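Understanding the architecture of this molecule
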Amino acid sequence: ISFGDVHLSGVSFEMKCENSVILSIREYSLMHALATAGGTPLTSEILLSRIFSGVEHADEQTLVLYIAYLRSKLQAISSRVKIAGTKEKGFYLEGI
């Protein structure tokens, strides 16, 4: 799947642009959810239920931490794609 200049591999959990990084399963699931939303904001509740269902101690702070991880990894691969938004209004990808 692709969004802007970012390409995700569901087989290897690789995210690549100019460089590449391997994502954890949850990082991949979060990035996949944001990419397939096509720039539409996804609320914290939606993301928590999709990515962290069954995880006992997952909350909005957990989600914000994973968003921070992905923002850092997007910079590491030199992507123009950014994760925008807030936990109150939802998160989305921009920079197509």
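What comes next concerns the included structure. Per-chain numbering applies: the sequence of each chain, read as written, is numbered from 1 onward. Where totals are concerned, whole chains, interfaces and linings use all residues; where local detail is concerned, this predicted model gives features only for residues with pLDDT of at least 70, and gives and counts side-chain atom pairs only at 80 or more. Side-chain measures here rest on the full set of heavy atoms in the structure, leaving out hydrogens and waters.

Quick notes on the pattern of salt bridges
One speaks of a salt bridge when a side-chain nitrogen belonging to Lys or Arg is within 4 Å of a carboxyl oxygen belonging to Asp or Glu. Inspection of the entire model under this criterion finds two salt bridges. R80 is paired through a salt bridge with D5; the nearest N and O atoms lie 3.8 Å apart. Separated by 75 residues along the polypeptide, R80 in the loop between α3 (60-76) and β5 (82-86) and D5 in the loop between β1 (2-3) and β2 (6-8) bring together distant segments of the chain. Of the charged contacts, one joins E27 and K73 as a salt bridge, the two residues approaching to 2.8 Å between their closest N and O atoms. In this pair, E27 sits in helix α1 (residues 25-36) while K73 sits in helix α3, placing the two residues 46 residues apart along the sequence. Residue exposure (1.4 Å probe, protein chains only): buried if accessible area is under 20% of the type maximum, exposed if over 50%, otherwise partly exposed. What makes K73 partly exposed here is its relative accessible area of 21%. Secondary structure follows DSSP: runs of H or I at least 4 residues long count as helices, runs of E at least 2 residues long count as strands, and numbering of each begins at the N terminus.

Quick notes on unusual backbone geometry
Unlike most non-glycine residues, F13 shows phi in positive territory, near 60°. Examined against the element boundaries, F13 turns out to sit in the loop between β2 and β3 (14-16). A residue is classified by how much of its surface remains accessible, and F13, at 24% relative accessible area, is partly exposed. One non-glycine residue, S78, adopts positive backbone phi at about 65°.

A short note on the sheet that holds β2
Strand order in the open sheet made by the four strands is β1-β2-β3-β4, with antiparallel pairing throughout. The sheet is open, and its two edges are formed by β1 and β4 (20-22), each paired on a single side. In terms of strand pairing, β3 meets β4 through three bridges, oriented antiparallel. Residue pairing for β4: K16 is matched across the bridge by S20. Contact criterion: two residues are considered in contact whenever any of their non-hydrogen atoms come within 4.5 Å of each other. Under this scheme, a helix contributes an axis fitted over its contacting stretch, all axes are lines through C-alpha atoms, and angles between N-to-C directions fall in the 0 to 180 degree range. Against the sheet, α1 makes contact with β1, β2, β3 and β4, and its axis sits at roughly 125° relative to β2, the strand it touches most. In the packing of α3 onto the sheet, the strands contacted are β2, β3 and β4, and the crossing angle to β4 comes to about 150°. Two strands qualify as a pair provided that DSSP identifies no fewer than 2 bridges between them.

Quick word on the packing of aromatic side chains
Two aromatic rings from Phe, Tyr or Trp, using only the six-membered ring of Trp, form a pair when their centres are within 6.5 Å; if the ring planes differ by under 30 degrees the pair is stacked, by over 60 it is edge-to-face, and anything between is tilted. Within this structure, the stated rule accounts for three aromatic pairs. Summarising the aromatic geometry, the rings of F13 and Y28 are spaced 5.1 Å apart at their centres and angled 50° between planes, so their arrangement reads as tilted. Note that F13 is positioned in the loop between β2 and β3 and Y28 in helix α1, a separation of 15 residues in sequence. On the basis of an interplanar angle of 65° and a centroid distance of 5.2 Å, the ring pair of F52 and Y66 is categorised as edge-to-face. Taken together, the positions of F52 in the loop between α2 (44-51) and α3 and Y66 in helix α3 put the pair 14 residues apart, joining distant regions of the chain. Across the pair, Y66 and F52 agree in class, each one buried. An aromatic cluster of three or more residues is present, and its members are F52, Y66 and Y69.

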